[in-house]
Amino acid sequence: MQADKEIDTRGLNCPLPILKAKKALSDMSTGQTLKVVSTDQGSIRDFQAFARQTGNELLDQQTVNNEFVHVLRRR
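Counting restarts for each chain, with residues numbered from 1 along the sequence as it is written. It should be noted that, the model being predicted, local features are given only for residues of pLDDT at least 70 and side-chain atom pairs only at 80 or more, the latter also being counted only at that level, while totals for whole chains, interfaces and linings use all residues. In computing side-chain values, all of the structure's heavy atoms are included and hydrogens and water are not.

> Just checking my understanding: could you explain the pairing of strand 3 (residues 57–64) for this structure?
Successive side chains on a regular strand alternate, one facing one side of the sheet and the next facing the other. As judged from the 7 bridges shared by strand 3 and strand 4 (residues 67–73), these two strands associate in the antiparallel manner. Each bridged residue has a counterpart across the sheet, and for Gln 61 the counterpart in strand 4 is His 70. Strands qualify as paired when DSSP identifies two bridges or more between them. Put simply, DSSP marks the helices as runs of H or I at least four residues long and the strands as runs of E at least two long, and each gets a number from the N terminus on.

> Help me out: how do you make sense of the pattern of salt bridges in this one?
As a working rule, side chains carrying opposite charge can pair if their charged atoms are close by. Salt bridge, as used here: a side-chain nitrogen of Lys or Arg that lies within 4 Å of a carboxyl oxygen of Asp or Glu. If you walk through the whole model with that rule in mind, you get 5 salt bridges. Through salt bridges with shared partners, a single network forms among Asp 8, Arg 10 and Glu 67.

> Could you clarify how one ought to interpret the packing of aromatic side chains in this entry?
The relation between two aromatic rings is expressed through the spacing of the ring centres and the mutual angle of the planes. Pairs were defined over the aromatic rings of Phe, Tyr and Trp, the Trp ring being its six-membered one, requiring ring centres within 6.5 Å. Orientation was assigned from the angle between planes: stacked under 30 degrees, edge-to-face over 60, tilted for the rest. As enumerated under the stated definition, the model contains 1 aromatic pair in all. With a centroid separation of 6.3 Å and an interplanar angle of 80 degrees, the aromatic rings of Phe 47 and Phe 50 are classed as edge-to-face. Here the residue Phe 47 and the residue Phe 50 both occupy positions in helix 2 (residues 43–54), the gap between them amounting to 3 residues, near one helical turn. Think of it in three bands: with a 1.4 Å probe and only protein chains considered, a residue is buried below 20% of the maximum accessible area for its type, exposed above 50%, and partly exposed in between. Judged by its relative accessible area of 0%, Phe 47 falls in the buried class.

> When you look at helix 2 in this model, what are you seeing that I'm missing?
Side chains that are three or four residues apart share a direction in an α-helix, a result of its 3.6 residues per turn. Take the number of residues in a helix, subtract one, and multiply by 1.5 Å to get its expected span. The first and last C-alpha atoms of helix 2 sit 16 Å apart over 12 residues, in line with the 16 Å expected at 1.5 Å per residue. What helix 2 keeps buried is the set Ser 43, Asp 46, Phe 47, Phe 50 and Ala 51. Looking straight down helix 2, one finds that the buried residues subtend no more than 135 degrees of arc, so they occupy a single side. Away from its buried face by more than 90 degrees, helix 2 exposes Arg 45, Arg 52 and Gln 53. By definition in these notes, contact holds between two residues if any of their heavy atoms fall within 4.5 Å. Buried residues belonging to helix 2 abut helix 1 (16–26), strand 2 (33–38), strand 3 and strand 4. Just past helix 2, the residue Gly 55 takes up positive phi, approximately 85 degrees. Note: the arc covers the axis-to-C-beta directions of the helix.

As structure tokens, then:
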């Protein structure tokens, strides 16, 4: 999936991937998409909760090898 912006949070543990995503989304326009690549296994449920709490849309989540890819749409 093509995203407007991508951030690499490999090697970072909760809550850093969420905090970096929140900062990146704040610099984006409504409707733009953000791809976050993480190695934190807990990021799957963290990004689901983050999307529910913030109103940003979680478009996709995938596990690729030992990495977790999350795609969000800015509200």
